[in-house]
Amino acid sequence: MASTITQKTVNIDSLTTSTWYSIVDGVRDQVFKITPFLNKLQESGQIREKALSGTHWEVAVRTEKQDQNIESFGKGNQFGVSDQEFMTRMIVYPKNIGTSITRYWTQEAQNMGPAKLLDYVEELVDATRMSLLDYFETNLITGATGTDDMTGLDELISTTPTTGTVQGITRSTNTWTHNLVTDVDGVSGTNPTPFATLLDVMDSMYNRCSEYKGMGPRRSPDLILCSRQVYQLYERGIMASGVLQWTPPIQTKRANLGFGSLFYKDAELLWSPGVASDRMYFLNSGSLEFRIQPGLWMEMTPWKWLDGRYLDRTAQIVCRGNLVATNFRNQGVLHDILLSGIT
C-alpha cells in the first residue's frame, strides 16, 4: 500500500509541477496585462529584472529639475565643477509574495482515473493562477501596512506626501519624495457641477506634473488611473458635453478588459478596482518601475509533506520584487473627489 501511495504521489507531484510550468509564462504575462497599471509599465519597458546589490536595490532618484552645472558660456568662461546634486540614490528592498498549492489525499482518492486526475490538477493550478491575478490587481495599488508587504502605489504617490515615510525615507526632511497632491473637496470656486470642478483640478494637476522631467523621455503624465466611480463621473460629463475621446486601436486590449477606453489630453485614462473611490492618480510611467529579482518570479518550490500529515502535500509559488519610483515630483494624486451620488 505504501508503495502505491508513494508512486501515485510522485505522479501527481510531477503532473502538477509540469502543468504549472507549462502555463507559468502565460500567468506572468496575464499578471502584467490584466492589471491596467502594470500593463502600462510593461508597455513602457518598466517591468525590469534587476540583480540585487546584496540585500537591496540602489535606485537613482531625481531630486532637482536639472544639473546645476549647466550654464551659458562665452569665450574664456569656465564650466562649473560642483557636485551634480540633481540625483540621489534610494535603497529599496525586494518583498516576497507567495501562495500555496495544497493537495489533500482524500480529494486525490476521489480522482483516481487519468482524465479525472488531470482535471483535478488543472483546477488546483487554475485556482492558484486566479489568486495571484486578484492579489496583484489590488495590492499593487493599495499596498498594505505590514513590513513584509510590497510598496503600493498609494504609498509612493501619497495624499499626505510631507509626512510619514516612503520605502524607509522620512518624507518631512526629504522634499524630493514629495509627490503632487490636491484635495478636490477643498478647492474653492464657483463651478456649477462636480464634473466642472474635476476638469479644473485635472488640468492643473496634469500641467504641474509636467514641470519635472522624468527619468525617461516623456515629460507629461501618460496614465491617469482612477476608481470606477471617478471614471463614471468623467465619462458621463464628457458624454453630456458632446466631446468624447476614445482610445486608439492600439490600446483596445485594456478596453476589452473593461477598464476604460478614454483619454485626457494625451494620457490614457483607466480605472482599477484597487483605487480608492475618491482618487485619481496622474502617473508618468517613465518614472516608475516594477522590479523583479531574476529567477524568483512565480517559481514553484518542491513538494513537501504537511506537518503531522503523511498523506497531504503542499508546494509554494513565490514571487520577489517591489514597486519603485525614480521621480516623485512628476507624479500626482487628486483625492476627496466629489462624486455627485455616483455609487
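Whatever comes next refers back to the structure up there.
Residues numbered from 1 in each chain as written. Predicted model: local features only at pLDDT ≥ 70, side-chain atom pairs only at ≥ 80, totals over all residues. Heavy atoms only, no water.

As for the packing of aromatic side chains
For step 1, the next point in the chain: For the structure shown, the criterion picks out seven aromatic pairs.
For step 2, the next point in the chain: Measuring from centroid to centroid gives 5.5 Å for Phe290 and Trp297, while their planes differ by 75°, and the two rings are edge-to-face.
For step 3, the next point in the chain: The class of Phe290 is buried, set by a relative accessible area of 0%.
For step 4, the next point in the chain: Through a chain of ring-to-ring contacts, three or more aromatic side chains come together here, namely Tyr135, Phe136, Phe290 and Trp297. (Phe/Tyr/Trp six-rings, centres within 6.5 Å; stacked < 30°, edge-to-face > 60°. Buried < 20%, exposed > 50% of the residue type's maximum accessible area, 1.4 Å probe, protein only.)

Let's talk about the sheet that holds strand E9 (residues 262-264)
For step 1, the next point in the chain: An order of E7-E15-E11-E8-E10-E9 is seen for the six strands of this open sheet, with the pairing classed as mixed. Taken across any chain shown, the strands that pair with only one partner, and hence form the sheet edges, are strand E7 (180-183) and E9. The mean inter-strand angle of the sheet, taken between neighbouring strand axes irrespective of direction, is 25°.
For step 2, the next point in the chain: As judged from the four bridges shared by strand E8 (residues 223-226) and strand E11 (residues 280-283), these two strands associate in the antiparallel manner. Within the sheet, the bridge partner assigned to Ile224 lies in E11 and is Phe282.
For step 3, the next point in the chain: Sheet strands in contact with helix H2 (residues 36-43) are E8, strand E10 (267-271) and E11, and its direction is about 170° off that of E8. (Pairing = 2+ DSSP bridges. Helix = DSSP H or I, 4+ residues; strand = E, 2+ residues; numbered from the N terminus. Axes fitted to C-alpha atoms, helices over the stretch in contact; angles between N-to-C directions. Contact = heavy atoms within 4.5 Å.)

Observations concerning unusual backbone geometry
For step 1, the next point in the chain: Look at Gln167: it is not a glycine, yet its phi comes out positive at around 45°.
For step 2, the next point in the chain: Residue position: Gln167 is located in the loop between strand E5 (165-166) and strand E6 (169-170).
For step 3, the next point in the chain: Exposure remark for Gln167: the relative accessible area of 14% places this residue in the buried category.
For step 4, the next point in the chain: Of note in this structure, Lys265 is not a glycine but carries a positive phi near 55°.
For step 5, the next point in the chain: Within the element layout of this structure, Lys265 appears in the loop between E9 and E10.
For step 6, the next point in the chain: When its relative accessible area of 35% is taken as the criterion, Lys265 is described as partly exposed.

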